[in-house]
Amino acid sequence: MTREPIRTCISCNRKGAKSELIRYVWYNGSALTDPSQKLAGRGAYHCDKKECKERFKANGKRLKRVFRLT
Ligand SMILES: [Zn+2]
């Protein structure tokens, strides 16, 4: 039983507990991983899978939308 918040992977839209997903924050014009999940700012999440990670990094446009930069 977990009370963890649920987050959605922006690559495949799979939902999972916050701790199962990798958190990113937008910082100085690029997405940084946030292993501690403590950095301030708008976060985005993706699963701990190679495909999702690559898709995440490759999709700059989507990233910007996720981070509400446009
Ligand atoms: Zn995913």
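Since the structure is predicted, the reported quantities are computational estimates derived from the model, not experimental observations.

This paragraph deals with the confidence of the model for the protein. Counting all residues, the mean pLDDT for the protein is 85, and 94% of those residues have values of 70 or more. Of all secondary-structure elements in the protein, the lowest mean pLDDT belongs to helix α2 (residues 60–66), at 77, while strand β2 (residues 15–17) reaches the highest, 94.

What follows is about the sheet that holds strand β3 (residues 21–27). Read from one edge to the other, the open sheet built from 3 strands follows the order β4-β3-β5, with strand pairing classed as antiparallel. Taken across any chain shown, the strands that pair with only one partner, and hence form the sheet edges, are β4 (30–33) and β5 (43–47). Here the strands of the sheet are splayed against their neighbours by 35° on average, with no regard to which way each runs. Here 5 bridges tie β3 to β5, and the two strands are oriented antiparallel to one another. In the strand pairing of β5, Ile-22 is matched with His-46. Strands in contact with helix α1 (residues 50–58) are β3, β4 and β5; relative to β5, the strand with the most contacts, it is inclined by about 145°.

Conventions adopted
Residues numbered from 1 in each chain as written. Predicted model: local features only at pLDDT ≥ 70, side-chain atom pairs only at ≥ 80, totals over all residues. Heavy atoms only, no water. pLDDT = per-residue confidence, 0-100. Helix = DSSP H or I, 4+ residues; strand = E, 2+ residues; numbered from the N terminus. Pairing = 2+ DSSP bridges. Axes fitted to C-alpha atoms, helices over the stretch in contact; angles between N-to-C directions. Contact = heavy atoms within 4.5 Å.

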